[in-house]
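Here are the chains, one letter per residue:
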Amino acid sequence: DVKVTQSSRYLVKRTGEKVFLECVQDMDHENMFWYRQDPGLGLRLIYFSYDVKMKEKGDIPEGYSVSREKKERFSLILESASTNQTSMYLCASNSPLPAADEQFFGPGTRLTVL
Amino acid sequence: SQQGEEDPQALSIQEGENATMNCSYKTSINNLQWYRQNSGRGLVHLILIRSNEREKHSGRLRVTLDTSKKSSSLLITASRAADTASYFCATVPGGDYKLSFGAGTTVTVRA
């Protein structure tokens, strides 16, 4: 079974802190994704990576950066956390071919920024 | 940007009844997928229907796709308490490879 794990289920940080959210997948998937989920808005794509060291901006990249140094690991970085980044963050992965098929999700990290 | 939009936003049914939810989208698609999310958890893929398919079944799930109306429906038959969850449709616009999710339908199955 595909497994996508995220480093924390719950995280509380202070405004201005640098925050790292880690995601690891064990199925050798090329593609990895970071989404944020807010009530009434569904999931919105923050960043996407299709290979090691490759990244592409999603719909809402402002205030975030990512790192993909190893194939299995995709990190989301909040350079200076703000209260409007309080949200549920979901990581996902899939294979590139076909690129647009099923994504496998991690359990999510609920981040609160005070 | 969001392409899919689910309807209704919330649904409450009795155990054993069928649940139907709809998804409308704006542009042509490669495929449409449905996901389930139990409270506070990650999403689980349920079913994928490609643009050249009209209907697909998986266990108690039935999905239809009408590309002329740009809409899809998900039917859950003989619902169980364990079906209580949020259901999301996700579309892959033609020429793209990224999923675009709707805001979801929250289904509550009463015992």
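Predicted model, so just to flag it, every value in this text is computed and none were measured.

Chemist: Hey, could you run me through the confidence of the model for chain B in this one?
Modeler: Close inspection of predicted coordinates is inappropriate in any region flagged by low pLDDT. Summary statistics for chain B give a mean pLDDT of 92 and a share of 97% for residues scoring 70 or more. When mean pLDDT is compared element by element in chain B, strand β7 (residues 61-66) of chain B scores highest at 98, while strand β1 (residues 5-7) of chain B scores lowest at 87.

Chemist: Is there a simple way to think about the sheet that holds β7(B) in this case?
Modeler: Strand pairing in a sheet relies on backbone hydrogen bonds, with the paired strands running either antiparallel or parallel. Residue and element names in this part refer to chain B. Across the sheet, which stays open at both edges, the five strands sit in the order β1-β3-β8-β7-β6 with antiparallel pairing between neighbours. This sheet does not close on itself; its edge strands, each paired only once, are β1 and β6 (55-58). Going across the sheet, the axis of each strand differs from the next one's by a mean of 20 degrees, ignoring polarity.

Chemist: Just checking my understanding: could you explain the pattern of salt bridges for this structure?
Modeler: Proximity of charged atoms lets side chains of opposite charge pair with each other. Residue and element names in this part refer to chain A. The full count for this structure, using the stated rule, is 12 salt bridges over all chains. Among the salt bridges present, the one from Arg 73 reaches Glu 22, with a minimum N-O distance of 3.8 Å. Separated by 51 residues along the polypeptide, Arg 73 in strand β8 (residues 73-78) and Glu 22 in strand β3 (residues 19-25) bring together distant segments of the chain. What you see here is one network of salt bridges that share partners, running through Asp 28, Glu 30 and Lys 71.

What counts and how
- Residues numbered from 1 in each chain as written.
- Chains lettered and ligands numbered in written order.
- Predicted model: local features only at pLDDT ≥ 70, side-chain atom pairs only at ≥ 80, totals over all residues.
- Heavy atoms only, no water.
- pLDDT = per-residue confidence, 0-100.
- Helix = DSSP H or I, 4+ residues; strand = E, 2+ residues; numbered from the N terminus.
- Pairing = 2+ DSSP bridges.
- Axes fitted to C-alpha atoms, helices over the stretch in contact; angles between N-to-C directions.
- Salt bridge = Lys/Arg side-chain N within 4 Å of Asp/Glu carboxyl O.

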